Amino acid sequence: MWAGLLASKWFRWVLLSLAAAGLSGVLATLPFFQTLELKTLDYRFQLLAGESTATPEIVIVDVDDYSIKFLEPEVGRWPWPRNVYAILVDYMRQADAKLVLFDLLLTESDKQNPEADAELGRATEEYGRVIHAALLGEQNTGDPDWDTAKQNSIAATGRFPEYIGLDLPTPAVRRRPRAIGHVAMRLDADGPWRRSLPLARFRDRLLISLPLAAATVVQGLELKDIQVADHEIRVGSVRAPLDRDLRLPIWFNGPPGSYRRYSFAQVFYSAIQLEEGQKPGLDPALFRGKIVLLGVTGSALHDLFTTPYSGSGTTAGDRSKVFGKMPGVEVQANILDSLLHNRFLRPVRAWYAAALVIAATGLSLGAVLFLPLWAAVLVLAVVPSGYLVVALLSFGRHVQMPVLPVILGWAFALAIGYVYQYWIEGAEKRRIKKIFSHYVSRDVFHELLNNPKAAALGGRRVLATVLFSDLRGFTTLSEKTEPELLIGQLNEYFSAMVEVVFEHRGTVDKFVGDMIMALFNVPLPDHAHADNAVRCAVAMQRRLLELNARWRAEGRCEFHSGVGVNTGQMIVGNVGSESIRSYTVIGDQVNLGSRLESLCKEYKVEIIISEQTRDLLQDDYPVREIGDVVVKGKSKPVGIFSVEWRESKAKDEG
């Protein structure tokens, strides 16, 4: 049973499909291929660059190169005193902004101007809607204010990324902020910032990230309301899925510049104008109900990061734009936006990803093994291209389908399929070629190659017709003719006769001396095998007449042959030893065919067919009954007939 199962092509297809899918899955876990998969993720984001989903509720006030240069005469060189930010906070309080987030680290006191820190602390306390940033580090920076750290964290659980250093905003600045969130990040091995750290461990606490703290506050909740369960962060309506590293894959809502930005200098002067009773350059209403993120974008401040969009571009009309790095504050805006709207990149489950790989691999391998070439090429083209289209459409709905494992599975299926065809099915074709290439016509040979099983090399009983042709008086000729000349003439004769056999769908079984043995209805079925055998016998005699006419003119000796044809049940298959075999037929009916050929000389005729052959003829032939004879080795008489082919030739010429 197992041997038959292993020999089944369907079983091999399933086994090889699983093997190819498994191999692609293993390779996909290697760092090199993981990086390639991340690159496909980047490319998918880039293809969606023109479809921004950035919310207008989030705006950015950026400390850009213009602001640093323009404000230098007024507030001094960078870094600015903290009271500059107090002016911004007071302006946003008057504008009734929903929340202000500082993506700026204010962890060191301004020793030259301590009143400036206190001024920002005053503005923070009065507004009550400010979230400041904390720094987590890989080096121990001493003991932070533990009460403040505890107020802005939750009890540690899970294997979240761990840090040993924590720097909080200065005591003067952190006077009753709404919350404090960390701004730590870990880039992927190839450089881009693709995943955020919504929670990070410090000692026995989990510190909340700046965007997660903001998403919690906006819902009117406290940080203690944040829960972690089943690789998911839950707070209010937020359900943020974490990957196996307990990080949050970032859904970028658009390329750099998708969120409305205001230069800090514009906001600063608008605040001064408003304070002096003048009409501000920026109407405070622009920020009413907005979540405002304050961050640096100046090129010299090194807060720019590689993201999936970096290096890509878009074209609109005659204008093209290449995206560079994204400011850290805009990355934080993307994270916050996704948290507020539950807009997350959700990788498919592991079992579903495995099913996709197996399905694509199996379909591709099945096309190679079971379909004709044109159909296989079509399927092999549709599977990867169709899958990539589906993967892109799914990505637009925030579903991340695996790309590289499927492409690897497709490639392995292609390679394994064609290797299988060469080594397994190709071996069978090579076996057929070795056996039949010189014994059947070109058409029959190609038919056998396309369907090797039709040959049934293992042995079977079949109704077939056998033809024997032997030269008369060849022994005498061989004694009178030079061997070299005789062999050349004999090969010429055999070449002509083999051509005739092939023309009538016959198979040349063997040459024995000057005798030719040909088979009909094997290895491929032929419903007119008796007719083809008789036509072949007549054509052989006619071709010999033509050869003799030429040889006579050349002064060479002439050949004369007798042909015997018999039809009956025979055993056909590969016969021989382990090292040497040949495809042939055996049985009493084969022996009878040979006996009929030998009777030609006795009855002075050139073609003798048996009664069984005559009864299967579908066309009319000029046959003459010779009678019943008892051939050697048989006790029962056999009816034999002579084919009067010369009469047929005369009628044709007439």
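Small disclaimer: the values here were computed from a predicted structure and weren't measured. (Residues numbered from 1 in each chain as written. Predicted model: local features only at pLDDT ≥ 70, side-chain atom pairs only at ≥ 80, totals over all residues. Heavy atoms only, no water.)

### Digging into the confidence of the model for the protein
Confidence in the prediction for the protein averages 88 pLDDT; 89% of positions are at 70 or higher. Across residues 315-320, confidence stays below pLDDT 50; counting only partners more than four residues off in sequence or on other chains, it has three contacts. In the model, residues 650-654 has pLDDT below 50 throughout and makes one contact with residues more than four positions away in sequence or in other chains. (pLDDT = per-residue confidence, 0-100. Contact = heavy atoms within 4.5 Å.)

### Some words on helix H10 (residues 328-341)
An α-helical segment advances 3.6 residues per turn. Residues three or four places apart therefore align on the same side. Relative to the 20 Å expected for 14 residues at 1.5 Å per residue, H10 spans 20 Å between its end C-alpha atoms, a close match to the ideal helical length. Most of H10 sits inside the fold, with 12 of its 14 residues counted as buried. (Helix = DSSP H or I, 4+ residues; strand = E, 2+ residues; numbered from the N terminus. Expected span 1.5 Å × (residues − 1). Buried < 20%, exposed > 50% of the residue type's maximum accessible area, 1.4 Å probe, protein only.)

### Side note on the sheet that holds strand E13 (residues 238-241)
Taken together, three strands build an open sheet; the order of strands is E11-E12-E13 and the sheet is antiparallel. Each edge of the sheet is formed by a strand with only one pairing partner; in this case those strands are strand E11 (227-228) and E13. Alignment of E11 against strand E12 (residues 232-235), held across two bridges, turns out to be antiparallel. Residue Gln227 lies in a different strand from E12, and its bridge partner there is Arg234. (Pairing = 2+ DSSP bridges.)

### Re the sheet that holds strand E5 (residues 162-163)
Sheet architecture is open: four strands sit in the order E4-E10-E9-E5, paired in mixed fashion. Whereas interior strands pair on both sides, the edge strands pair on one side only; in this sheet they are strand E4 (153-155) and E5. Here three bridges tie E4 to strand E10 (residues 205-208), and the two strands are oriented antiparallel to one another. Opposite Ile154, over in E10, you have Leu206 as the bridge partner.

### As for the pairing of strand E1 (residues 58-63)
Most of E1 sits out of view: six of its six residues are buried. Residues of E1 alternate between two faces, with Ile58, Ile60 and Asp62 on one and Val59, Val61 and Val63 on the opposite face, all of them buried. Bridge analysis of E1 against strand E16 (residues 291-296) gives six bridges, and the strand direction is parallel. Pairing of Val61 across the sheet is with Leu294, part of E16. In this sheet, strand E15 (residues 260-263) lies alongside E1 in parallel orientation, the contact comprising four bridges. Across the sheet, Ile60 pairs through a bridge with Arg261, a residue of E15.

### Describing the nonpolar core
Counting 53 residues, the largest nonpolar core has Leu101, Ile131 and Leu339 as its most contacted members. Once residues lying within four places of it in the same chain are set aside, the contact partners of Ile131 are Leu99, Val100, Leu101, Phe102, Arg178, Ala179, Ile180, Gly181, Leu210, Ala213, Ala214 and Val217. By size, the runner-up hydrophobic cluster in this structure holds 37 residues, among which are Tyr493, Ala518, Tyr621 and Val643. (Core = buried A, V, L, I, M, F, W, Y, C linked by side-chain atoms within 4.5 Å.)

### Digging into the pattern of salt bridges
Within the structure shown, the criterion is met by 37 salt bridges. The partner of Glu37 in a salt bridge is Arg44, and the shortest N-O contact between them spans 3.4 Å. Here Arg44 falls in the buried class, since its relative accessible area comes to 4%. The partner of Asp245 in a salt bridge is Arg195, and the shortest N-O contact between them spans 2.9 Å. (Salt bridge = Lys/Arg side-chain N within 4 Å of Asp/Glu carboxyl O.)

### Digging into the side chain of Asp337
Position of Asp337 relative to the elements: it lies in helix H10. Owing to a relative accessible area of 0%, Asp337 belongs among the buried residues under this scheme. Within the local environment of Asp337, its side chain forms a polar contact with the backbone nitrogen of Thr55, the two atoms lying 3.0 Å apart. In contact with Asp337, other than residues within four places in its own chain, are Thr53, Ala54, Thr55, Ile58, Asn253, Tyr259 and Arg343. (Polar contact = N/O pair within 3.5 Å; in protein donor to acceptor, adjacent residues only side chain to side chain.)

### Some details on the packing of aromatic side chains
Enumeration according to the criterion identifies 28 aromatic pairs in this entry. Centre to centre, the rings of Tyr85 and Phe264 are 6.0 Å apart; their planes meet at 80°, and the pair counts as edge-to-face. In this pair, Tyr85 sits in helix H5 (residues 83-95) while Phe264 sits in helix H9 (residues 264-275), placing the two residues 179 residues apart along the sequence. Judged by relative accessible area, Tyr85 falls into the buried class, the value being 3%. Between Phe494 and Phe511, the aromatic rings sit 4.7 Å apart at their centres with planes inclined by 50°, giving tilted as the arrangement. (Phe/Tyr/Trp six-rings, centres within 6.5 Å; stacked < 30°, edge-to-face > 60°.)

### Section: the side chain of Glu330
Looking at the element boundaries, Glu330 is found in helix H10. What makes Glu330 buried here is its relative accessible area of 0%. Only 2.5 Å separates the side chain of Glu330 from the side chain of Arg261, close enough to count as a polar contact. Ignoring any residue separated from it by four or fewer positions in sequence, one finds Glu330 in contact with Ile60, Pro255, Pro256, Gly257, Ser258, Tyr259 and Arg261.

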